[in-house]
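Here's the letter readout for the chains.
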Amino acid sequence: MTQLIADRRDIEFVLYEMLDIEGLCNHERFNEFNKRTINMMINEAFNLAIKEFLPANKEGDKTGCEFENGKVEIPDSYHRALDLYTEGEWVQLADPGCPGVVGMITNALFFGACSSIMMYPGLSYGTGLLIKGIGGEDIANRFSKKMLAGKWGGTMVLTEPDAGSDLGALTTSAKRNPDGTYSISGNKIFISGGEQNYHENIIHAVLARIEGAPEGTKGISLFIVPKIWVNEDGNLGETNDVVCTGIEDKMGLKGSCTCSLTFGGNGKCRGILLAGSDPEDGDDEGEGLKGMFNLMNGARINVGAQGYAIASSAYLYALDYARKRVQGKNLEKMRDEDPSVPIIEHPDVRRMLIWMKSHVDGMRSLILYVTNLTDLIEISDDDDEKTRCQGIIDFLIPIIKAYCTDKAFEVSAQAVQIYGGYGYTKEYPVEMLLRDSKIFSIYEGTNGIQSLDLLGRKLAMKKGKAFMDFLEEIKKATTNAKNNANLEDQAIKLEAAIDKIATVAMHLGTKIMPKSISAGFSFSKPFLDATGDIVMAWMLLWRSTIASQKIEGASKKDASFYEGQIKSAEYYIYSVIPGTMGSLDAIINGNDAIVTMSDEAFG
Ligand SMILES: Cc1cc2nc3c(=O)[nH]c(=O)nc-3n(C[C@H](O)[C@H](O)[C@H](O)COP(=O)(O)OP(=O)(O)OC[C@H]3O[C@@H](n4cnc5c(N)ncnc54)[C@H](O)[C@@H]3O)c2cc1C
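Residues numbered from 1 in each chain as written. Predicted model: local features only at pLDDT ≥ 70, side-chain atom pairs only at ≥ 80, totals over all residues. Heavy atoms only, no water.

## Some points on the site of the ligand
Residues in contact with the ligand amount to 17 residues; listed here are only the nearest, Met156, Thr159, Ser165, Phe190 and Thr446. Within the contact set of the ligand, a nitrogen atom lies 2.7 Å away from a backbone nitrogen or oxygen of Met156. Ser165 has a polar side-chain atom sitting 2.6 Å from an oxygen atom of the ligand. Calculation on the ligand without its partners gives an accessible area of 970 Å², and the protein chains cover 61% of this total. Of all the secondary-structure elements, those providing two or more residues to the shell around the ligand are β3 (153–157), β5 (182–192) and α11 (447–458). In terms of residue count, the dominant contributor to the shell around the ligand is β5 (three residues). Looking at the shell around the ligand residue by residue, the class counts come to 10 nonpolar, six polar and one charged. (Near = heavy atom within 4 Å. Polar contact = N/O pair within 3.5 Å; in protein donor to acceptor, adjacent residues only side chain to side chain. Areas by Shrake-Rupley, 256 points an atom, 1.4 Å probe, with all protein chains shown as cover. Helix = DSSP H or I, 4+ residues; strand = E, 2+ residues; numbered from the N terminus. Nonpolar A, V, L, I, M, F, W, Y, C, P; charged D, E, K, R; others polar.)

Printed below as a string of structure tokens:
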């Protein structure tokens, strides 16, 4: 069967035609890289993803993980794929020295091929970085070195049965021991990779409350809790008192084990304080959660990238199928003797495909644009510019997390639809993509919580400057587009949408919120969705502006590619954005039924 994860031509378009990655590589920081080396790396990532990750994904989805006597076995096929991934040092591409966009796009290929395998190195690397960032050199040498090298696993241990979105409710406790370590005690659930048979050791980054610390988020501390104790010289000691009590039987991501863990069930779990608030030490309250949030910001972009990657794969499968599946007549040629046609000729199938394509392309551009901003921050000497770029990134994080993951599920659902009845069977990969993608809108802060972050925090961040800088970035694209008479009207329409989103933000902040916080936040998700649509339109118009300049004189293949950019933007701005404007009108009109209906009236 054809195996598809991402459009190679489109990746290069974003890297070299939209974003100036060749220019970036001229900077001394990144001058070990150039277009040739980057393309070679992308080729290698494609090869590994297609040859090893895709088949492992299929097997892992069938077999899932096995749990017995506190031990978890991950799918057999994952071991080889993980070995090759580790040996190829793919995870280290996120290290400084390599442009972030290269790490992002290569890892997105692995996400698209098998997101569940990627949970293991992704979390291990992220936790390793977190420990290194907060803990200093000794701690980094003791723990992070092997995690960053892919030798040890790592986990983020936040969730408890009664503390999911509200981490302030957590009850896992910590008590200082005379030797300076802490005794940890509590039950955690839903911990990805919490126990598994791939890594020699697992280092858990655990949120817990030191006895006597305040209630709520302020009193939360962050601990390093190794599965096997690591002595100060780096050698392994005794097994710690961390027990896996079960794994979840899930809808998707079946090869990624989701574990319940009991810490200190026998009173012997030791941890090391990484950040937090021991009342005996004084005033670093809230630092534990802050430390974890540093990790989560990066993780949220990665979850958005998981979403984009699965959407990309789902779209390509659907497109391939639509070109091959012959069914029904072309509407213009309906006589009996006229031949049946591939379903791509049916307008309704084309509608689904163009909707999917425009979102997939928009998301790819968005994720690489934001990653490129992090690269630009690294090479810039201008503090104001760094602050401006960081503000735009921070503003966009909840949108990337929530919008890209919601669209991943919707694109996958459209892919199933395009396959018809076959899409609902396990014979084709799209039903798995649909199941796998659902979790992205739930973990790393549910999408509802992301919208609270956008409306409650990000809009007002730096007195609204980050939001204004974000709008200014879009205006740069509309100004460029206006130089082309064919795109002028689309640019005007996008500018109207920007004006409207600014008006709605102001309206929510000054008219609705002061009267009713609940009414204001009842619009947070529609506001995030509308902002996400506008971001898509921005990316697509930017693409179209470039494509319009290059289409004349392009090779036949390139001309089709550029036509795809021009038509996608046209479709999106004329067919999707009017709906977005309607959603924004609904916010301004501000019906409050959501919050005024009594609980009983829900039925
Ligand atoms: C496969 C999988 C892997 C996971 N991996 C990890 C992991 O590695 N580490 C870890 O610590 N956790 C992990 N989790 C847990 C995950 O992060 C939580 O499930 C998530 O944070 C939501 O918490 P909850 O399930 O308790 O839902 P709840 O918090 O009960 O939320 C239920 C619903 O209510 C909404 N809601 C809740 N509070 C609010 C609010 N204040 N305002 C608006 N809406 C609200 C939510 O948006 C959601 O729709 C994983 C979960 C799964 C399923």
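## Looking at the packing of aromatic side chains
Taken as a whole and judged by the stated rule, the model has 19 aromatic pairs. Centroid distance Tyr369 to Trp542: 5.9 Å. Interplanar angle 80°. Geometry classified as edge-to-face. One end of the pair, Tyr369, is in helix α8 (residues 347–379); the other, Trp542, is in helix α15 (residues 524–550), and 173 residues separate them in sequence. You can call Trp542 partly exposed: its relative accessible area is 22%. Ring-pair connections join several aromatic residues into one group, and the members of that group are Tyr369, Phe395, Phe467, Phe470, Trp538 and Trp542. (Phe/Tyr/Trp six-rings, centres within 6.5 Å; stacked < 30°, edge-to-face > 60°. Buried < 20%, exposed > 50% of the residue type's maximum accessible area, 1.4 Å probe, protein only.)

## With respect to the domain arrangement of the protein chain
One frequently used descriptor of interface size is the decrease in accessible area upon assembly of the parts. Examined at the domain level, the protein chain breaks down into domain 1 (8–113 + 293–445), domain 2 (153–285) and domain 3 (463–602). Put simply, the middle of domain 1 and the middle of domain 2, counted by C-alpha atoms, are 31 Å apart. Counting residues at the interface gives 26 residues for domain 1, matched by 18 residues for domain 2. Between domain 1 and domain 2 lies a buried interface of about 1800 Å² when both sides are counted; carbon and sulfur atoms form 68% of it. Where the side of domain 1 that touches domain 2 is concerned, the elements lending two or more residues are α3 (35–63), β1 (66–68), β2 (71–73), α4 (76–87), α7 (287–324) and α10 (430–438). Looking at the side of domain 1 that touches domain 2 element by element, the count peaks at five residues for α4. Per-class residue counts for the side of domain 1 that touches domain 2 are 12 nonpolar, five polar and nine charged. (Domains from an automatic or database assignment. Contact = heavy atoms within 4.5 Å. Buried area = accessible area lost by both parts, 1.4 Å probe.)

## Details of unusual backbone geometry
Phi is positive for Glu89, close to 55°, though the residue is something other than glycine. The phi dihedral of Lys463 is positive, around 55°, even though this residue is not glycine. Relative to the elements of secondary structure, Lys463 occurs in the loop between α11 and α12 (465–482).

## A word on the pattern of salt bridges
If you walk through the whole model with that rule in mind, you get 33 salt bridges. Its salt-bridge partner being Glu385, residue Arg388 comes within 3.0 Å of it at the nearest N-O pair. Note that Arg388 and Glu385 are positioned in helix α9 (residues 383–419) at a spacing of three residues, about one turn of the helix. In this structure, the salt-bridge partner of Asp453 is Lys458, at a minimum N-O distance of 3.1 Å. On the basis of relative accessible area, Lys458 is assigned to the buried category, the value being 4%. (Salt bridge = Lys/Arg side-chain N within 4 Å of Asp/Glu carboxyl O.)

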